[in-house]
Amino acid sequence: EKIAKEWSATAPLSALDVVDKILKRVTESFAYGVELLQEEYDEAENRFEMVEKLTNIQKRAHVFTRCLKTGANEIKELSKVKNFGPRAEAVGDQFDSIASTTDEIAENAVSTMNMQMALDGFRSGKNMKIFTLVAVFCQPITVATGWYGMNWTNFPELQHENAYFIFAG
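Please read these numbers as outputs of a predicted model, since none were measured by experiment.

J.: Can you help me understand the overall build of the chain in this one?
T.: Regarding its fold elements, the chain presents 5 helices and 0 strands. Mapped in sequence order, the helices and strands of the chain form the string α-α-α-α-α. Considering the chain as a whole, with its 169 residues, one finds that 22% of them fall into the buried category. Put simply, 64% of the contacts in the chain that link residues at least 6 apart link residues at least 24 apart. Roughly 12200 Å² of accessible area belongs to the chain as shown, and the carbon and sulfur atoms make up 61% of that amount.

Structure follows, in structure tokens:
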């Protein structure tokens, strides 16, 4: 509605003015989308949901980047049109700026995911260390109870003088 009011309120426009307005609108929409991505990146809190959200943010940022780079290439072609060169160059610079911002958001998402996974690996390594220490202390007790809990009278080979030490190894 806002766009319809804006367009109907203006006098008849030349083709260059129409293209200029369209490019400004496209630039604004990409900038708004990138702002939403940045807000979503900043709001990622829960560590289990974080990786999923960051993956989604990274994918969307790459889509924005591809669209912006494609648009920038087309705008460079428009800059060759007489009387439209400076306008197209300004919009192309805006596209490049927004594309670099989306690249930065995608890189931040990837580095945050990598950091989260490294921290998870560190935590599980810490848990394995605790489990290993418990096993080290429990293993001798388990062996001793298993060894001395046997019914030795049913082992006829232990009736010899040093059979116990030979059997124990």
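Past the structure itself, the notes keep going.
J.: Even after reading the chapter, I still don't get the pattern of salt bridges, so can you show me in this structure?
T.: Opposite charge on two side chains permits pairing when their charged atoms draw close. One pass over the full model with this rule turns up 2 salt bridges. For K69, the salt bridge is made with D103, and the minimal N-O distance between the two is 3.8 Å. Taken together, the positions of K69 in helix α3 (residues 47–78) and D103 in helix α4 (residues 85–148) put the pair 34 residues apart, joining distant regions of the chain. D103 sits in the partly exposed class, given a relative accessible area of 23%. For D120, the salt bridge identified is with R123, shortest N-O distance 2.8 Å. Placement of both D120 and R123 in helix α4 is noted, with a separation of 3 residues, approximately one turn of the helix.

J.: For this particular structure, what's the right way to read the nonpolar core?
T.: Within the largest apolar cluster, 23 residues are counted, with the highest numbers of intra-cluster contacts made by F30, L37, L54, I57, L68, I75 and F95. Elements that contribute at least two residues to this core include exactly α2 (15–43), α3 and α4. Tallying contributions element by element places α4 first for this core, with 9 residues. Setting aside residues up to four positions removed in sequence, L54 forms contacts with Y41, A109, T112 and M113.

J.: Before we go on, may I ask you to explain the environment of D120 in this structure?
T.: Note on D120: relative accessible area 29%, which makes it partly exposed. For D120, the side chain forms a polar contact with the side chain of R123, separated by 2.8 Å.

J.: Explanation requested: a negative patch on the surface in the structure shown.
T.: Negative charge collects at one region of the surface, where E35, E39, D42 and E43 lie side by side. Position of E35 relative to the elements: it lies in helix α2.

J.: What's the story with the confidence of the model for the chain in this structure? I'm lost.
T.: Note that predicted coordinates carrying low pLDDT should not be read in detail. Summing up the model confidence of the chain, the mean pLDDT is 78 and the portion of residues at 70 or higher is 79%. Looking over the chain, one finds the lowest element-wise mean pLDDT in helix α1 (residues 2–9), namely 60, and the highest in α4, namely 85.

J.: How should I be thinking about the environment of F64 in this particular structure?
T.: For F64, the location among the structural elements is in helix α3. Taking the C-alpha atoms as reference points, F64 and V34, 30 residues apart in sequence, are found 7.9 Å from one another. Once residues within four sequence positions are removed from consideration, F64 is found in contact with F30, G33, V34, L37 and T102.

J.: What is the right way to read the side chain of T65 from this model?
T.: Within the fold, T65 resides in helix α3. A distance of 2.8 Å separates the side chain of T65 from the backbone oxygen of A61, its partner in a polar contact. When near neighbours in sequence (up to four residues on either side) are disregarded, T65 contacts A99, T102 and D103.

The rules we used
Numbering of residues starts from 1 in every chain and runs along the sequence as written. Only residues with pLDDT of 70 or above have their local features reported here, since the model is predicted, and side-chain atom pairs are shown and tallied only from 80 upward, although totals for entire chains, interfaces and linings are computed over all residues. Side-chain metrics in this entry use all non-hydrogen atoms of the structure; hydrogen atoms and water are not considered. Under the scheme used here, helices are H or I runs from DSSP no shorter than 4 residues and strands are E runs no shorter than 2 residues, and both carry numbers assigned from the N terminus. Partly exposed residues are those whose accessible area sits between 20% and 50% of the maximum for their type, while under 20% is buried and over 50% is exposed, using a 1.4 Å probe and protein chains only. In what follows, a contact means two residues having at least one pair of non-hydrogen atoms within 4.5 Å. Here the accessible surface of atoms and residues is derived via Shrake-Rupley with a 1.4 Å probe, and residues count as covered only by protein chains that are part of the display. Here, a salt bridge means any side-chain nitrogen of Lys or Arg that lies within 4 Å of a carboxyl oxygen of Asp or Glu. To define a nonpolar core, start from buried Ala, Val, Leu, Ile, Met, Phe, Trp, Tyr and Cys residues and group those joined through side-chain atoms within 4.5 Å. Residues adjacent in sequence count toward polar contacts only when both atoms are side-chain atoms; beyond that, a polar contact is any pair of N or O atoms within 3.5 Å, and within protein one must be able to donate a hydrogen and the other to accept it. Nonpolar side chains (Val, Leu, Ile, Met, Phe, Trp, Tyr) within 5 Å and like charges within 9 Å form the patches, drawn only from residues with over 30% relative accessible area and no salt bridge. Charged-residue counts in this description rest on Lys and Arg as positive and Asp and Glu as negative, His and the chain ends being excluded. We put the charge of a Lys on NZ, of an Arg on CZ, of an Asp on CG and of a Glu on CD. Across the chain, each position has a pLDDT score giving the predictor's confidence in that residue, from 0 to 100.

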